[in-house]
Amino acid sequence: MQYGKHALDMLSSSQDSLRLGWLEQLFSSAADSYGQEDVEEGIRLQFAVKLIQSVNPGVGSRKVEHRFKELQRVRERMRGLTLDNESGVKDHVENKRLIGRNERVNRQEFIEVFHDFCTRPEIYFLLVQFSSNKEFLDTKDLMKFLEAEQGMTQVTEETSLKLIQSHEPSEEGRQEGYLSLDGFTSYLTSAECQLFDREHDTVCQDMSQPLSHYYISSSHNTYLIEDQFRGPSDISGYIRALKMGCRCVEVDVWDGPNEDPVVCTGHTLSPPLALRCVLETIGRFAFVASQYPLIICLENHCSLQQQKVMWQHLIRILGEKLYTDPPSEGETYLPSPYALRQRILLKGKKLAPGSDGEDGEVSEEDEGAEMCQRMKAVGSGVAAPGGNEKDMVQKSVSLTAVTQSIPHHPLPKRFQLLKELSDLVTLCRSVRFIDFPTTSKSQNPWELCSFHESLAVRLAGESPGEFVNHNKHFLSRVYPNHIRIDSSNMNPQDLWKCGCQIVSMNFQTAGLMMDLHTAWFQQNGNCGYVLRPAIMRQEVSYFSGDTRDTVPGVSPQLLHVKVISGQNLPKPRGSGAKGDVVDPYVYVEIHGIPADCTERRTRTVTQNGDNPVFDESFEFQINLPELAMVRFVVLDDDFIGDEFIGQYTIPLECLQPGYRHIPLQSLTGEELPHAKLFVHVALTNRRGGGKPHKRGLSVRKARKGRDYTALRDLGVRAVDEVFKMAAPPLREATDLRENMQNSVAVFKELCGVSAVANLMQCVLALGSRVSGPDGAPLLLFNLLDHYPTLEPQGPLPDVLRRVVSTYDMMVHASRAVMELSDGVYDRILQIQSMAMEFHEKLQSLAAKEGLRGRKVSRALESFSWNITILKGQADLLQHAKAEVQENMKQVHDAALTGNLTKESVGVRRVRSQTRRSQDD
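Residues numbered from 1 in each chain as written. Predicted model: local features only at pLDDT ≥ 70, side-chain atom pairs only at ≥ 80, totals over all residues. Heavy atoms only, no water.

1. Considerations on the environment of methionine 244
Keep this limit in mind: Numbering goes from the N terminus for both helices and strands, where a helix is a DSSP run of H or I of at least four residues and a strand is a run of E of at least two. Any two residues whose heavy atoms approach within 4.5 Å at even a single point are treated as in contact.
Mapping methionine 244 onto the fold places it in the loop between α12 (236-243) and β4 (248-254). In the structure, methionine 244 is positioned 45 residues away from alanine 289 in sequence and 6.9 Å away in space, judged by C-alpha atoms. Every residue in contact with methionine 244, bar those within four places of it in the chain, is listed here: Phe507, Met514, Thr518 and Asn526.

Structural data, given as structure tokens:
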């Protein structure tokens, strides 16, 4: 309350503020608009409420109206006190009757209530901070804010002026080029200041890589819209999934009445759908949300006679959209999503080569076979899809009986497959998984395995590295356990971290798991395909999905999140909380590999859902940024039955830096009207070596305590000799990178800014401290060189002398990176190339050295580890070079923005890269 009152007091004390002038004009205009001759009489209460809501649409009309009437009651009491005892009572009663009938609001009341409901103190203090205590931002102030905080590039005064014209409500402010508090609030709450980077609204990833290199949005039993056993089937399930960008739908086909196949889950109470209707719907909506290939998982349980009808439906309805080209001889990779645009792929069983135009016998679909055996285990109480529906309803089947009668490893049955149907399956042939050694030798790129959830999770726990390597070449599909009768969902990241591309979700079930799935696929234009992390795609690389340490070759990032405030937080649905107020608090969750999964929470703000101020900061180390997501969850501490207010989930790659608003979503994914969180976000490199991890990442310490990543011995002499050559350039690479980053950190500290700040903020902060007694700057930047120099303009106090020497050290370390990194980079890659010559013959070399069994596996794993380290350290060195270029551009532009430059001909703004580009 004190925080907000201070802001109001500061505002109200300024009689010539832009806001007051604008509000008086707004009030007068409202009176004119509604035909009121005397503006001093006030405006109608309902019009005043609408004016308040036009600026703050999240506030309830009853709440505003109540506040106006409170002020009116105070006014009436004050008037009553001025009346004398004889005639005053009568006049007071008459006056009160007139006020109650007309419900007028005068200018003073309107301005006071506007202050109450449309002033956000946290934004006001931010404005004052960047405006040097003015009550508005001029174009130069706004430039500083946009560049230093919001990460915008190539900002000019024209950019600022254009933004002011768009968001400043007062005519005076627009004419003078000033952004008032209300204009600043309008900008910060606009779509351009949301947390999600709008560059990801369209496809922004490379779509030319093999299909197996992508995560693919997938639905399970797409036709079901409730539970898996009794719930209804509906065409809307396909429409909803396809409109959400789903690229893999499931069609379980069974013999139907009148020789027409139907779609349903076998041996359950869910009613069937006509196959032709399902295919017509898929054909109509297949490419509405995405042009990239759609996979239909065809679970075939039909007789040969109805298979022929199925084939006819597929040809007639989907026609040329079906991709039927057979894979090329010797093909080692699948085509890319780009090459398969507007095409439909069938996933299903295929006859063995040499069937010569005849129908043949194949094993039943893995998932279908399991489902059949599970449901048949219930007994005769459930009829087949084509059976008597009345009998199905009359015989009750307990869910307990279903789950208790499930065999763990059902054996696949055999069935006859129509040759014409087999020919439609080309790039997604279903095969049974045996084990990783077998698949690596016998599986073709156009063949995929379907794993039930339990098996996939077990493999992820027992053989995470092998699972990742398997998925470098082959598509893997994971479907939910059938004990999930309620259509609950598995955590997709448990399988994504092992590289599994197709993790099938029950789209009809809202909650955390579906939030993660939906948010994940928004990062590439919601096209249903997301490129997997590079370390999961490279032919030779080491990555284990269960890692709880840093990832070799990947630079950890520090995510800084400040939860500032919330706005218009509703009462939880279904809550029995006392009254209409909430006691909100916020969880910030990180989802990713096990090393990254964590959560932090803010304090509770009691009885305030309108504008609770949390003002709490958290820091998270993200070890694999490409697979990390951030989830904000708002909960109510004063609840009975339901505490969930809203959530927002976003991939780390989509975060925009700076001050951002987050639109909260309901449990079912709809945006909550006007409900937001206000946060500040920054992402920085992890600085320094830190302590070595207890396991996983091997390190060696130099004399001065710096940690160097160590390569592993294979026990194969010729290969180990090559890797030993890499030790010196790896040390040089680490020294170059960390010397530069540490010198930047020291300079920031001396300038009085936090490690979260960038160099532009650092230089701008320095600008406020370098003025001499006469107001002239004691330090100026010379921008004629690629490395701006910081030159004294006279005698300096000790602190500024240290600033100059620290800056010179930073430039020296930065110059070393630019001048030496290419040579070190080339040496590392040369050694990596030499080592890769041993890759194909590594097993035979290990055998010659006398290695057997597990020792050979360890040698192969160590080889992949070393290659990953070499490539990773080389990439980090290139990133350091890009970081230096960005740093120097920031210093250059900040010197111009802060008027800290020597007059130089030809000096202009040179910053042209986004901060994200250095990480691409």
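2. A word on the nonpolar core
What counts here: The set of buried Ala, Val, Leu, Ile, Met, Phe, Trp, Tyr and Cys residues whose side-chain atoms join them within 4.5 Å is what this entry labels a nonpolar core. Note on exposure labels: buried denotes an accessible area under 20% of the residue type's maximum, exposed denotes more than 50%, and partly exposed covers the range between, all computed with a 1.4 Å probe on protein chains only.
Membership of the largest hydrophobic core comes to 72 residues, with the highest contact counts inside it found for Val251, Leu314, Phe451 and Phe467. Here the element with the most residues in this core is helix α13 (residues 275-285); it accounts for five residues. Ignoring any residue separated from it by four or fewer positions in sequence, one finds leucine 314 in contact with Leu279, Leu298, Gly319, Leu322, Leu346, Leu421 and Leu424.

3. What to know about the packing of aromatic side chains
Let me state the cut-off plainly: Put simply, two rings from Phe, Tyr or Trp (the six-membered ring, in Trp's case) pair if the centres are within 6.5 Å, and we call them stacked under 30 degrees between planes, edge-to-face over 60, tilted for the rest. By the criterion adopted, a ring carries a charge over it if an Arg CZ or a Lys NZ lies within 6 Å of its centre and within 35 degrees of its normal.
Applying the stated rule across the entire model yields 24 aromatic pairs. Seen in terms of ring centroids, phenylalanine 433 and phenylalanine 436 are 5.2 Å apart; in terms of plane orientation they differ by 65 degrees. Their pairing is edge-to-face. There is no split in this pair, since phenylalanine 433 and phenylalanine 436 are both buried. Centroid distance phenylalanine 433 to phenylalanine 451: 5.0 Å. Interplanar angle 55 degrees. Geometry classified as tilted. Of this pair, phenylalanine 433 sits in the loop between β11 (428-431) and α19 (436-442) while phenylalanine 451 sits in strand β12 (residues 447-452), placing them 18 residues apart in sequence. Judged by its relative accessible area of 0%, phenylalanine 451 is buried. Members of the aromatic cluster, connected to one another through ring pairs, are Phe130, Phe145, Phe184, Tyr659 and Phe678. The cationic tip of arginine 120 hangs over the ring face of phenylalanine 678; the distance from NZ or CZ to the ring centre is 5.2 Å.

4. With respect to the pattern of salt bridges
Operational definition: A side-chain nitrogen of Lys or Arg and a carboxyl oxygen of Asp or Glu constitute a salt bridge if their distance falls within 4 Å.
Summed over the entire model, instances satisfying the criterion amount to 30 salt bridges. The partner of aspartate 260 in a salt bridge is arginine 276, with the nearest N and O atoms 2.1 Å apart. Here arginine 276 lies in helix α13 and aspartate 260 lies in the loop between β4 and β5 (262-263), a separation of 16 residues in the sequence. Residues arginine 801 and aspartate 798 are paired through a salt bridge, measuring 2.0 Å at the closest nitrogen-oxygen approach. Placement of the pair is arginine 801 and aspartate 798 together in helix α27 (residues 798-836), with a separation of three residues, close to one helical turn. Since its relative accessible area comes to 47%, aspartate 798 is described here as partly exposed. Salt bridges linked by common partners bring Arg67, Glu70, Glu112 and Asp116 together as one network.

5. With respect to the packing of helix α25 (residues 727-751) against helix α29 (residues 854-897)
Our working rule: Helix axes are fitted only over the stretch in contact, all axes being lines through C-alpha atoms; the angle between N-to-C directions runs from 0 to 180 degrees. Oblique is the label for every angle not falling under 35 degrees (roughly parallel), over 145 degrees (roughly antiparallel), or within 65 to 115 degrees (roughly perpendicular). Working rule for handedness: look at the near helix, and if it is turned counterclockwise from the far one by less than a right angle, call the crossing left-handed; if clockwise, right-handed. Asp, Glu, Lys and Arg are counted as charged, while Ala, Val, Leu, Ile, Met, Phe, Trp, Tyr, Cys and Pro are counted as nonpolar; the rest, among them Gly, fall into the polar class.
Two elements in contact, α25 and α29, have axes whose closest approach is 10 Å; the angle formed by their N-to-C orientations is 30 degrees. Between α25 and α29, the angle is such that the two are roughly parallel. When the axes of α25 and α29 are compared, the crossing they make is left-handed. Note on element contacts: α29 touches α25 through Ile869, Leu870, Gln873, Leu876, Leu877, Ala880, Glu883, Val884 and Asn887, opposite Leu730, Ala733, Thr734, Leu736, Arg737, Met740, Gln741 and Val744. Along the lines of polarity and charge, the residues of the contact of α25 with α29 split into eleven nonpolar, four polar and two charged.

6. Some points on the side chain of histidine 313
Among the secondary structure elements, histidine 313 is positioned in helix α14 (residues 304-318). Setting aside residues no more than four positions away along its own chain, histidine 313 makes contact with Asp260, Leu275, Arg276, Leu279 and Leu318.

7. What about the pairing of strand β7 (residues 294-300)?
For clarity, the cut-off: Following DSSP output, two strands are said to pair if at least two bridges run between them. Think of it like this: strands point away, you trace from the first strand over the helix to the second, and a clockwise trace means the crossover is right-handed.
Within β7, seven of the seven residues are buried, which leaves it mostly tucked inside the rest of the structure. Burial of the side chains of β7 extends over both faces: Leu294, Ile296, Leu298 and Asn300 are buried on one face and Ile295, Cys297 and Glu299 on the other. Where β4 meets β7, six bridges bridge the pair, whose relative direction is parallel. Counterpart to cysteine 248 in the pairing with β7 is isoleucine 295. As defined by bridge partners, β7 adjoins strand β8 (residues 344-348) across four bridges and the pair is classed as parallel. Residue pairing across strands places isoleucine 295 opposite leucine 345, the latter belonging to β8. Traced from β7 through α14 to β8, the parallel crossover comes out right-handed.

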